[in-house]
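What follows is the residue order along each chain.
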Amino acid sequence: MSVLLGLFFELTMSLTMLRFALLFLAVLALPIQAATVNDLYQTQVTLIGNDQQADQAAREQGLANVLVKISGNTDILNNPAIKTAITNSGSYISQFGYSQVDGQRAIDLSFDKNQIKQLLIQSKASIWKDQRPNILVWMVDSDGQQRNILWDQSTNALINDTKQAADSRGLPLTFPVGDITDATAVNVSDLWGNFIDPIAAASTRYHADGVLLVKALQQPNGNVSLNWQFYPQQPSKIASADTQPITGTTSGTLAQTSTKMINQVTDYLAHKYAVVLGGVAGGQINIEVDNIQSTEDFFALEKMLNNLTTVGSANAMRIKGNSVIFQLNLQGSEQAFRQEISHDNQVHQTQSAVAFAADPAQPTPTAPVGASTATSTSTAPAITTPSVPEVNALTVTPQNIYYWNS
């Protein structure tokens, strides 16, 4: 018996190590999709004064900043429950410290992720997960006589203000590096004239989820006028997209114009991707995903499901051929789950020919009470009690069947 237990233990450990090895390799093989925003629950606030009142005001402002980033909604600060929570900001702070910013004292704040999430759920507010679309920004600056492309390391203040505005909303931005590849792929006239083909071709190398074209015209009074077009598609899909780009214009100081532009872009994306978790949760549901061709596919799917805001946990229950059933514990409604997963380009909804609903558990014949288990020598037919077929707990409804885009 001890030998068998030893072999079982070794086999269990080997399978566990194999699973971790496969998971590691699968993560390395994952394609670049959206960007992960790592500082959603952190913020830095400049202190206006050195007294306790200034410190408390900065902590409240810090919580407001974080709630806007996580929810994707600036109007959240008008929510009565959120207003009350902000006055009690200390309950949500997990870590703080002090620093210097441009010669001014500032407080660095980190907030508890679970408490913030519970607050948003209780307030029936939206939550936007940390996997967010990465937006590539092509920006041209004109003083009326000369036009220049603003690269990532440009010293132009408009670059810095745009990055700060995006950081305050938790929006990942990428500016072209401006190397020889960029310089030969696209020129100023392409960007100023909105010539999509060369812009799309030059953008492909950055694996962006959207492209923002910005034309900045400097004004004699020191202000700036921005004209922008936002394409909420991957570069390879821009030219063939059925929808027109989202456009906008704004004028004012550099900080005002960049903030207004970024707010409009972020509001559009948050409306599309953020989900509301308040109300009645969907409990447990089963989903079937077809076309799982490899261990890399399986682990990528498992990771994707567990990263969804509406999913508390995802557990693989059964594998049959190239199809897998996952049991999901939802933190939101089924409708919110379907809305969120519909935005992930790794899967699409379908109806499978391998429906687990058609694969019930096999009934087991039951002998009558008191019957002997020994082999009978009687010629009389054995009498058995009819059994009721078991209900298959893994039944999947048609709207919860998906196809993996491997």
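Draft legend 1. Inspection of the overall build of the protein at higher detail. The helix and strand inventory of the protein stands at 12 helices and 18 strands. Here the protein holds 406 residues, and the buried ones make up 39% of them. When contacts within the protein are restricted to residue pairs at least 6 apart in sequence, long-range pairs at least 24 apart make up 70% of them. Counting every atom, the protein has about 22,000 Å² of accessible surface; 54% of that belongs to carbon and sulfur.

Draft legend 2. Looking closely at the sheet that holds strand β16 (residues 323–330). The strand order across the open sheet formed by five strands is β15-β16-β14-β18-β17, and the pairing between neighbours is mixed. Looking along the sheet, the strands with just one partner apiece sit at the ends: β15 (311–320) and β17 (347–349). Across the sheet, the mean angle separating the axes of adjacent strands is 30° when strand polarity is ignored. Bridging between β15 and β16 involves eight bridges; their strand directions are antiparallel. Looking at the pairing, Ala316 lines up with Phe326 of β16.

Draft legend 3. Summary view of the pairing of β16. Where burial is concerned, most of β16 is hidden: seven out of the eight residues are buried. Where strand β14 (residues 284–290) meets β16, six bridges bridge the pair, whose relative direction is antiparallel. Bridge pairing in β16 places Ile285 opposite Leu328.

Draft legend 4. Summary view of the packing of helix α2 (residues 52–71) against helix α5 (residues 157–169). The interhelical angle for the contact between α2 and α5, taken along N-to-C directions, is 85°, at an axis separation of 7 Å. The pairing of α2 with α5 is recorded here as roughly perpendicular in orientation. Mapping the contact onto sequence places Asn65, Val68 and Lys69 in α2 and Asp167, Ser168 and Arg169 in α5. Split by residue class, the contact of α2 with α5 holds one nonpolar, two polar and three charged.

Draft legend 5. View of the packing of α5 against helix α10 (residues 254–273). Where α5 contacts α10, the two axes come as close as 8 Å, and the packing angle between them is 40°. Classified by the angle between their axes, α5 and α10 sit oblique to one another. Classified by chirality, the crossing of α10 by α5 is right-handed. Here Ala157, Leu158, Asp161, Thr162, Ala165, Ala166 and Arg169 of α5 come into contact with α10, specifically with Leu254, Ala255, Ser258, Thr259, Met261, Ile262, Asn263, Thr266 and Asp267.

Draft legend 6. Inspection of the pattern of salt bridges at higher detail. In total, this model carries six salt bridges according to the counting rule given. A salt bridge links Asp55 to Arg59, with the shortest nitrogen-to-oxygen separation between them at 2.5 Å. Here the residue Asp55 and the residue Arg59 both occupy positions in helix α2, the gap between them amounting to four residues, near one helical turn. Like Asp55, the residue Arg59 is buried in the burial classification. Notably, a salt bridge pairs Glu334 with Arg338, separated by 2.6 Å at the nearest N-O pair.

Draft legend 7. Layout of the packing of aromatic side chains. Under the definition given, this model contains five aromatic pairs. On the basis of an interplanar angle of 80° and a centroid distance of 6.2 Å, the ring pair of Phe230 and Tyr268 is categorised as edge-to-face. Of this pair, Phe230 sits in strand β11 (residues 224–231) while Tyr268 is found in helix α10, placing the two residues 38 residues apart along the sequence. With centroids separated by 5.4 Å and ring planes inclined at 70°, the aromatic side chains of Phe298 and Phe299 adopt a geometry described as edge-to-face. Here the two residues Phe298 and Phe299 agree in accessibility, since each one is buried. The structure contains a cluster of three or more aromatic residues connected by ring pairs, namely Phe298, Phe299 and Phe326.

Draft legend 8. Broad picture of the side chain of Thr266. Tracing the backbone shows Thr266 in helix α10. What makes Thr266 buried here is its relative accessible area of 0%.

Draft legend 9. Region of interest: the side chain of Ser89. Examined against the element boundaries, Ser89 turns out to sit in the loop between α3 (80–87) and β3 (93–101). Given the relative accessible area of 1%, Ser89 is considered buried. Excluding anything up to four places from it in sequence, Ser89 contacts Gln56, Arg59, Glu60, Leu63 and Phe111.

Criteria and thresholds
Residues numbered from 1 in each chain as written. Predicted model: local features only at pLDDT ≥ 70, side-chain atom pairs only at ≥ 80, totals over all residues. Heavy atoms only, no water. Helix = DSSP H or I, 4+ residues; strand = E, 2+ residues; numbered from the N terminus. Buried < 20%, exposed > 50% of the residue type's maximum accessible area, 1.4 Å probe, protein only. Contact = heavy atoms within 4.5 Å. Areas by Shrake-Rupley, 256 points an atom, 1.4 Å probe, with all protein chains shown as cover. Pairing = 2+ DSSP bridges. Axes fitted to C-alpha atoms, helices over the stretch in contact; angles between N-to-C directions. Parallel < 35°, antiparallel > 145°, perpendicular 65-115°, else oblique. Nonpolar A, V, L, I, M, F, W, Y, C, P; charged D, E, K, R; others polar. Left-handed = near helix turned anticlockwise from the far one by under 90°. Salt bridge = Lys/Arg side-chain N within 4 Å of Asp/Glu carboxyl O. Phe/Tyr/Trp six-rings, centres within 6.5 Å; stacked < 30°, edge-to-face > 60°.

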